[in-house]
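# A look at the structure
Here are the chains, one letter per residue:
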Amino acid sequence: MPSRSLREELGESWLSRFLAAGGVAAVVVLAVAPVVGGLDTSYLFYLMFWVAMALSVNLVFGYTGYIPFGYFAFYGVGAYGTAMAFIHLQLPMVGAVLVGGGLGVVLGVIFLPMFRVEGIYFAIATFAAAWAIKIGITLTPEGLTGAATGLYVSQAYDPTATYYAMFVVTVAVVLTTLWLDRSRYGTMLRAMRDDPIAVEMSGINRARLRSFAWMLSVFFPAIIGGIDTWNTTVISPEGGFDVLLSIKPILYALFGGPGTLLGPILGASTLYVIDDILWSALPLGSYFVTGIMLMVVVLVFPRGILGEFEYREALVRGADSLSLENLLPDRGEK
Amino acid sequence: MALLNAIATGIIIGLIYALIASSLNIIFGVMRIVNFAHGNFIILASYVTFWLWELYGVRPLSSVLVVAPMFFLIGVALYYLTVPRLLNADDTESMSLLAYFGLSIVVTAGMRIAWGAQSRGIPSPYEDVFPLSVQVAGMRFATARLIGAGTALVLLGLLLWFLYNTYYGKAIRAMIQNREATKFLGIKTHRVSAISFGLAMVLAGVTGVLLTMIFPAFSATAGEHYTLIAFAIIVLGGLGDPIGAMIGGVFFALVEQIAMVYLPLTASPIIAFLVLLAVIMVRPGGMFTVEDIRTLRSRYLSNG
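Notes on the structure in this doc start here. (Residues numbered from 1 in each chain as written. Chains lettered and ligands numbered in written order. Predicted model: local features only at pLDDT ≥ 70, side-chain atom pairs only at ≥ 80, totals over all residues. Heavy atoms only, no water.)

## Things to note about the overall build of chain B
The number of helices and strands found in chain B is 12 helices and two strands. Computed over its C-alpha atoms, the radius of gyration of chain B comes to 19 Å, within 12% of the 19 Å expected for a compact globule of 304 residues. Overall, chain B is about 60 × 45 × 35 Å in size when its C-alpha atoms are taken along their principal axes. The 304 residues of chain B split such that 55% are buried. Intrachain contacts of chain B at a sequence separation of at least 6 include 78% that bridge at least 24 residues. Here chain B has roughly 12700 Å² of accessible surface; of this, 67% comes from carbon and sulfur atoms. (Helix = DSSP H or I, 4+ residues; strand = E, 2+ residues; numbered from the N terminus. Rg over C-alpha atoms; globule rule 2.2 N^0.38 Å. Buried < 20%, exposed > 50% of the residue type's maximum accessible area, 1.4 Å probe, protein only. Contact = heavy atoms within 4.5 Å. Areas by Shrake-Rupley, 256 points an atom, 1.4 Å probe, with all protein chains shown as cover.)

Structure representation (C-alpha cells):
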C-alpha cells in the first residue's frame, strides 16, 4: 500500500471535516461577537489583524520562499494612503481604505524588479527600500503627510465598522489562500519553491508566477493598514513603518508552518495570545520576546508546527514513507 | 571649503565604516551567516564604553581592555549556540538572516529597556591631556575624533597583517575562498569559524568604542542603520572580501558626506539605502568578486 502523507490524510479524513467545522464555527463567532457582546472585540480585532497579516505574507513567503523583510512598507503605505484620501480627498472611509489598498498594489509593482535578486539580497533590498520610504515620508511637507508627527482621522472613528471591515478582509485572505492552495497556481508555486530548475524545464514562466503571488500578497497588508488607521485614528512614520509589522507575520507563518492555510492561522493565534499579555505588561517586551521567539523557531523548529508533525509522522511510518517526496513538499528542502 | 571638509570627515568616518564592514564580511565570508545584529552589538559596545566613562571615569581607549575580551566571548558563544544548527539548514543564508534579525531586535529592545531611548555621548574625553581641537590645513578637528580615526587605521592595518601573515588569518581567507576544500587541508573548520566569529565581534566591539570618540552621540536604535550601511558596503566591495570592504567603507563614507553638503541633514540615511538598493539591483555579486579575479587569471593563463 503506498503510504500517504499527513497532508493527504488531512485532505480526506474526519480531521479535515473537523477543521472545516471549527473554521465555520470561528467565523460565526467572529461575525456575531460585536452584536452579542461579552467578548473583547478589540482583542478579536487584533487577532484577526495578525491572522490576516500572517496569511498574506505567507502567500509570498510560504509559497515562493522569498522573505519580504520590507513588508511593513505596504502596511505603512496603505495606512498613509487611507488617511490622506480621507483628509485631502474627503472620501468616505471605505473608499479611502480601497485607495490605500490601491497604493499598496502600485508599490508592489514598483518592488517587482527586486525579484531579480534572491535570498538575503531580496530580503535586504526590500528592507532598505521600506526604510527609505519611511524616511522619505518624514521629509515631505507637513500639510500633506504630517511629516514626522503623522496624521489624525479621529472624526472617522467607528469601532463596529472597523471590526467588520477587518472581518471581511480576514475572510478574504483565508479564501484567497484556500483558493491558491487548491489551484494549479499553488501547485506550481510549491513545485517552483522545491525545485526551480524542474519547473523551468516544464515551461512555467517563473517570473510571472512569482509576481502573481507577490501582487496577491501586497494588496492585503495595505488594506489592513488602512483599516487599522481607521480603528486607531492615527498614523505616524514610527507606527506605520514598524519592523515588527514584517517580522511578526513572518514569525507567525514560520511558527505554524509556511506554505499552508492552517499553519499561519495556528501560528498567529497561539503566538498572539502570548504577545498580547506581554504588550500590556511592557510594550518593549513585545520586541524582546518576538526576537527571542524568532531565534528559537528558526534554530529549533525550522519546519514549523505542521511541518514538525509531518516530519515525525514520516519518521514513525517507517522507511518507505521517509522517501524524499514525503519530506520535501513542505519546506523547500533541496 | 565645505567640500574639502566633507572629504576629510568622509575619510575619518570611512575608517569606521571600513571596520564595521570588514568584520561583518569576515563572518559572512567564513560561515555564510548574515549577522544582522552586527550594528546592534556595536552600539552595545558604545554603551559599555559610555558607562565605564560615566561611572568609573575610564577613557574610551582604555575600555577596549574590557570590551575586547567581553565581545570575544560573546562571539564564540554565539557561534556555538547558533552556527552549527544554521549550517545544517537548507538555506543557511536566509535562515541566519531571520535568526540574527531576531537577535538584533532582542539586543535593541534590551538596551532600550535597560537604558532608555535618549541619545548618549562622551564629550571630549581627552581634553585634560590634549587640546580640545586641532587645526590641520585650515580645518578644525576634535582631538578625540582624530585619535579615534588613528586607532581605526592601526586596527585595519593589524587586521590586514593578521589575515595575510598568521596561520589563523590564512585559514580564514582559505575558508572564505572555499570552505569545503579547507576540510581536506586538515584545517579545523569549526575552530577557525569560532575564532573568526569571536574576532569579528572583537572588531565590532572596538568599533563601538571608537564610535563614542568619532560621533558626538549614539542611541539604542542606531544599530540597524550601521548594519544596513555595512551591508551596502560589503555588497559594494564584494561579499567575503575584507579588503574590498575596507575600500568600499571609505568610498561609501565619502559619497555620504559629499552628498550631505548638498542635501538636508535628515535625508542622509536615505543615501545608504539608495546606494544599497542600486548596488544590489545592478551588481549583486559586488563590484569585484573572487570569481572575477579567478576568471581574469584563467583568461590570462590560457592566453599566455
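On we go.
## A short note on the overall build of chain A
Across its full length, chain A carries 17 helices and two strands. Among the 334 residues that make up chain A, the fraction classed as buried is 52%. Taking the contacts inside chain A whose residues are at least 6 apart along the sequence as the reference set, 78% of them involve residues at least 24 apart. With the model as given, the accessible surface of chain A reaches about 14100 Å², and the carbon-plus-sulfur share is 70%.

## Remarks on the interface of chain A and chain B
Residue-level contacts link 40 residues of chain A with 37 residues of chain B. For the pair chain A and chain B, the two sides together bury roughly 3600 Å², of which 83% comes from carbon and sulfur. When the buried area of chain A at its contact with chain B is split by residue, Ile120(A), Tyr121(A) and Leu299(A) rank highest and sum to 18% of it. Counting the contacts that link chain A with chain B gives zero salt bridges. Joining chain A to chain B, the criterion identifies one residue pair in polar contact (both at pLDDT 80 or more). Of all the secondary-structure elements, those providing two or more residues to the side of chain A that touches chain B are helix H6 (119-139), helix H13 (244-256) and helix H15 (283-300) of chain A. Per-element accounting of the side of chain A that touches chain B gives the leading share, 14 residues, to H6(A). In terms of residue class, the side of chain A that touches chain B is built from 32 nonpolar, four polar and four charged. (Buried area = accessible area lost by both parts, 1.4 Å probe. Salt bridge = Lys/Arg side-chain N within 4 Å of Asp/Glu carboxyl O. Polar contact = N/O pair within 3.5 Å; in protein donor to acceptor, adjacent residues only side chain to side chain. Nonpolar A, V, L, I, M, F, W, Y, C, P; charged D, E, K, R; others polar.)

## So, the packing of helix H10 (residues 242-262) of chain B against helix H11 (residues 268-282) of chain B
All names here are of chain B. At a minimum axis separation of 10 Å, H10 and H11 run at an interaxial angle of 135°. The angle between H10 and H11 falls in the class oblique. Like other packed secondary-structure pairs, H10 and H11 cross with a definite hand, here right-handed. Across the interface between the two elements, Phe-252, Val-255, Glu-256, Ala-259 and Met-260 from H10 touch Ser-268, Ile-271, Ala-272 and Val-275 from H11. Looking at the contact of H10 with H11 residue by residue, the class counts come to seven nonpolar, one polar and one charged. (Axes fitted to C-alpha atoms, helices over the stretch in contact; angles between N-to-C directions. Parallel < 35°, antiparallel > 145°, perpendicular 65-115°, else oblique. Left-handed = near helix turned anticlockwise from the far one by under 90°.)

## Thoughts on the packing of aromatic side chains
One pass over the full model with this rule turns up 43 aromatic pairs over all chains. With a centroid separation of 4.9 Å and an interplanar angle of 80°, the aromatic rings of Phe49(A) and Trp50(A) are classed as edge-to-face. Residues Phe215(B) and Tyr226(B) carry aromatic rings whose centres are separated by 6.4 Å and whose planes lie at 45° to one another, so their mutual orientation is tilted. In this pair, Phe215(B) is assigned in the loop between helix H8 (189-214) and helix H9 (223-237) and Tyr226(B) in helix H9, connecting sequence segments 11 residues apart. (Phe/Tyr/Trp six-rings, centres within 6.5 Å; stacked < 30°, edge-to-face > 60°.)

## Focus on the nonpolar core
Most often, soluble globular proteins have nonpolar side chains that are buried together. Among the nonpolar cores identified, the biggest contains 206 residues, and Phe69(A) and Tyr100(B) are the most heavily contacted of them. If you tally residues by element for this core, the top one is helix H3 (residues 41-64) of chain A, at 17 residues. (Core = buried A, V, L, I, M, F, W, Y, C linked by side-chain atoms within 4.5 Å.)

## Description of a nonpolar patch on the surface
All names here are of chain B. Together, Met-1, Leu-3, Leu-4, Ile-7, Ile-11, Val-261, Tyr-262 and Leu-263 make up an exposed nonpolar region whose accessible area comes to about 750 Å². Residue assignment for the nonpolar patch shows that the elements contributing at least two residues are helix H1 (2-31) and H10. Ranked by residue count, the leading element in the nonpolar patch is H1, at four residues. Within the element layout of this structure, Tyr-262 appears in helix H10. (Patch = residues over 30% accessible without salt bridge, like charges linked within 9 Å, V, L, I, M, F, W, Y side chains within 5 Å.)

## Quick look at the packing of helix H14 (residues 262-281) of chain A against H15(A)
Residue and element names in this part refer to chain A. Packing of H14 against H15 leaves a shortest axis separation of 6 Å and a crossing angle of 145°. Of the two elements, H14 crosses H15, and the hand of that crossing is right-handed. Of the residues in H15, those in contact with Leu-271, Asp-275, Leu-278, Trp-279 and Ala-281 of H14 are Pro-283, Ser-286, Val-289, Thr-290 and Met-293. Split by residue class, the contact of H14 with H15 holds seven nonpolar, two polar and one charged.

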